[in-house]
Every structure is written in structure tokens, then in C-alpha cells.
Amino acid sequence: SAVISQKPSRDICQRGTSLTIQCQVDSQVTMMFWYRQQPGQSLTLIATANQGSEATYESGFVIDKFPISRPNLTFSTLTVSNMSPEDSSIYLCSVSPVDRVDGYTFGSGTRLTVV
Amino acid sequence: SQKIEQNSEALNIQEGKTATLTCNYTNYSPAYLQWYRQDPGRGPVFLLLIRENEKEKRKERLKVTFDTTLKQSLFHITASQPADSATYLCASNSNSGYALNFGKGTSLLVTP
């Protein structure tokens, strides 16, 4: 299965600023996803990062707030823009398996605290 | 809307016993269910996948069942060990694409 390097692992940011999270995969993958996990909550899908086209956002998430880049099949970034304390959460990237009988692989997550 | 529900209360069991975690789904029929382990500060790690036409799947001390009548999956850890202490997440395919829907997870604590 793929190996994902996600960084930063954590950050403390001032409100109103932006943070860009990076995910690097050790192999080419078709599907990459960005999730948010708020304390004590489930993983919530933010968007699907598409190579060569705009990301597909889930209801409640917009491109202006969470711009995503996918320049190639091994790399993606998620930016959390104009942050507020409500954005404090863990952000995770994930890739789908080549064979759908396998599970998905996740990055180790970025713990974001907005003060 | 599609929902996956797990018992959000923590499960505390004694070492050596069998832990059983429950996952229920409503308003859709997933083609498969997956179980993940998540440790604090880490991303989820895939454990097992079971398809809708499979009743049971095993891997070492882990066993998963899928009951489409009850709309439920059970996840068992036999001969549990303190190292099994973690949060366990149930997930399924979504109708809208290739991403996964997740339950909230169940925290398991195995005490010596």
C-alpha cells in the first residue's frame, strides 16, 4: 500500500492567517481526499483532490476557504484560509487503494490550533 | 441521509477477553464495510474489509461480520491485549463517490 508523508504534523496559528498542509505519496495514485476530524468527532470529507482539474467539495466546504492543489499524481496541498478558532481540528489526507479490496491509506494528520 | 453509527461510549475490558464493537448503518446499502484503528495523534490504519455478500472475515485475532438484514457489522478482537487499546472506526463506501463515510469511532481500553 502507499505511504503518505503529511506535514506539518501540528501548528498553532493566529486567527485571520492561512496554513497550507502538504501530502506527498510514494506512488502515483488516482484519488486523493482531504478530511477534517474535530475533537471527539468522526472524519468528515472536505473534498476530493482531482489531478488536472478543480477539487470536488462536499456540502459545507467551499474553495475560497479550503483551496486545494493537485499538480500531479503524487502530491496535494490543502490550505485553510482566513482561519478562526472554529477551524481548530485535525486535517488528514488519504488515498484510495489500487485494488478496492484493500483499505485506504491515511497521512498522520495535521493538528491545527487557531488562537 | 446515509449514516454510520458506532457506540460512542468507551469500551473497557480485561486483558484476555473478547472485545466486540458494533457498527450500524442506515438509509443506504454499502457494498462493503471497513474497519480502521486510530491511535492518538495518528491517522487511521486499515484493518479489515468485508463485502456485502460476505458473512464473516478473519485476520489473526480479528473477526468482522456483516449482517445486511440487521444493517450491522460487528468487530471482534479475541484474546485482547493492552496494546489493542485504541479508537476503532467503521467506514463504508459512499454513494457519491470513492470517498469513505466514517462512524465516530469506539474507544477501546484493555486493562491488564
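In this report, the structure presented in the accompanying data block is examined. Within every chain, residues take consecutive numbers counted from 1 along the sequence as written. Chains carry letters from A onward and ligands carry numbers from 1 onward, assigned in written order. This being a predicted model, a pLDDT of at least 70 is required before a residue's local features are given, and a value of 80 or more before pairs of side-chain atoms are given or counted; all residues contribute to the totals for chains, interfaces and linings. Remark: hydrogens and water are excluded; side-chain values derive from all non-hydrogen atoms of the structure.

Take the overall build of chain A next. From N to C terminus, chain A includes zero helices and 11 strands. The order of helices and strands in chain A, counted from the N terminus, is β-β-β-β-β-β-β-β-β-β-β. Per-residue burial for chain A yields a buried fraction of 50% across its 115 residues. Any pair of residues with heavy atoms lying within 4.5 Å of one another is described as a contacting pair. Long-range contacts, defined here as pairs at least 24 residues apart, represent 52% of the contacts in chain A between residues at least 6 apart. Using a 1.4 Å probe, the Shrake-Rupley method yields the accessible areas, and only the shown protein chains count as cover for residues. Surface exposure of chain A reaches about 5,500 Å², of which carbon and sulfur atoms provide 48%. One finds the centroid of the 8 positive side-chain charges in chain A at a distance of 7 Å from the centroid of its 9 negative side-chain charges. What counts as a helix is a DSSP run of H or I of at least four residues, what counts as a strand is a run of E of at least two, and both are numbered from the N terminus. The buried label goes to any residue with under 20% of its type's maximum accessible area, the exposed label to any with over 50%, and the partly exposed label to all in between, with areas taken from a 1.4 Å probe on protein chains only. Positive charges come from Lys and Arg alone, negative charges from Asp and Glu alone, with His and the N- and C-terminal ends not counted. Throughout, a charge is located at the NZ atom of Lys, the CZ atom of Arg, the CG atom of Asp or the CD atom of Glu.

Residue and element names in this part refer to chain B. Salt bridges, as used here, are contacts in which a Lys or Arg side-chain nitrogen is within 4 Å of a carboxyl oxygen on Asp or Glu. What the rule picks out here adds up to six salt bridges over all chains. Close ionic contact of D39 with R37 constitutes a salt bridge, the shortest N to O distance being 3.1 Å. K57 serves as the salt-bridge partner of E54, at 3.6 Å between the closest nitrogen and oxygen. Among the residues examined, E54 registers a relative accessible area of 23% and is labelled partly exposed.

By convention in this document, the label disulfide applies to cysteine sulfur atom pairs within 2.5 Å. The full count for this structure, using the stated rule, is two disulfides over all chains. Residue A:C23 pairs covalently with A:C93 via a disulfide, S to S 1.7 Å. Linking A:C23 and A:C93, the disulfide has an S-S dihedral of approximately -80° and is accordingly described as left-handed. Taken together, the residues span a long stretch of sequence, with A:C23 in strand β3 (residues 19–25) and A:C93 in strand β9 (residues 89–95) at a distance of 70 residues. Covalently, B:C23 is tied to B:C90 through a disulfide, its sulfur atoms 2.0 Å apart. Here the S-S torsion is close to -70°, and the disulfide linking B:C23 with B:C90 is therefore left-handed. A residue pair is termed long-range when its members are at least 10 positions apart, and B:C23 in strand β3 (residues 19–26) and B:C90 in strand β9 (residues 86–94) qualify at 67 residues. No disulfide involves A:C13; its sulfur sits 16 Å from that of A:C23, the nearest cysteine.

Residue and element names in this part refer to chain B. Within the secondary structure layout, Q6 lies in strand β1 (residues 3–6). Using a relative accessible area of 10% as the deciding quantity, one classes Q6 as buried. A polar side-chain atom of Q6 sits 3.0 Å from the main-chain amide nitrogen of G105. Excluding residues that lie within four positions of it along the chain, Q6 makes contacts with T22, C23, W35, Y88, L89, C90, G103, K104, G105 and T106. Here a polar contact is recorded for every N or O atom pair within 3.5 Å, except that within protein the pair must consist of a potential hydrogen donor and a potential acceptor, and residues adjacent in sequence are included only if both atoms are side-chain atoms.

Proteins that are soluble and globular tend to have nonpolar side chains buried together. What makes a nonpolar core is a set of buried Ala, Val, Leu, Ile, Met, Phe, Trp, Tyr and Cys residues whose side-chain atoms join them at distances within 4.5 Å. Within the largest apolar cluster, 26 residues are counted, with the highest numbers of intra-cluster contacts made by A:W34, A:I46, A:F66, A:I68, A:L78, A:Y91 and A:L112. Looking at this core, the elements with two or more residues in it are β3, β4 (32–37), β5 (43–49), β8 (75–80), β9 and β11 (110–114) of chain A. With four residues, β3(A) is the largest single contributor of residues to this core. Among the nonpolar cores identified, the runner-up in size contains 22 residues, and B:L33, B:L48, B:I50 and B:A86 belong to it.

This brings us to the pairing of strand β8 (residues 72–77) of chain B. Two faces make up the sheet, and in a regular strand the side chains alternate between them. Residue and element names in this part refer to chain B. A strand pair is defined by DSSP finding two or more bridges across the two strands. Where β3 lies against β8, six bridges are found, and the strand directions are antiparallel. Pairing of T20 across the sheet is with H76, part of β8. Where strand β7 (residues 62–67) and β8 come together, six bridges link them in antiparallel fashion. Residue pairing in the sheet places V64 in a bridge with F75 of β8. Taking the residues that link successive antiparallel strands as the turn, the β7-β8 hairpin has four residues, and the phi of K71 there is positive, at about 55°.

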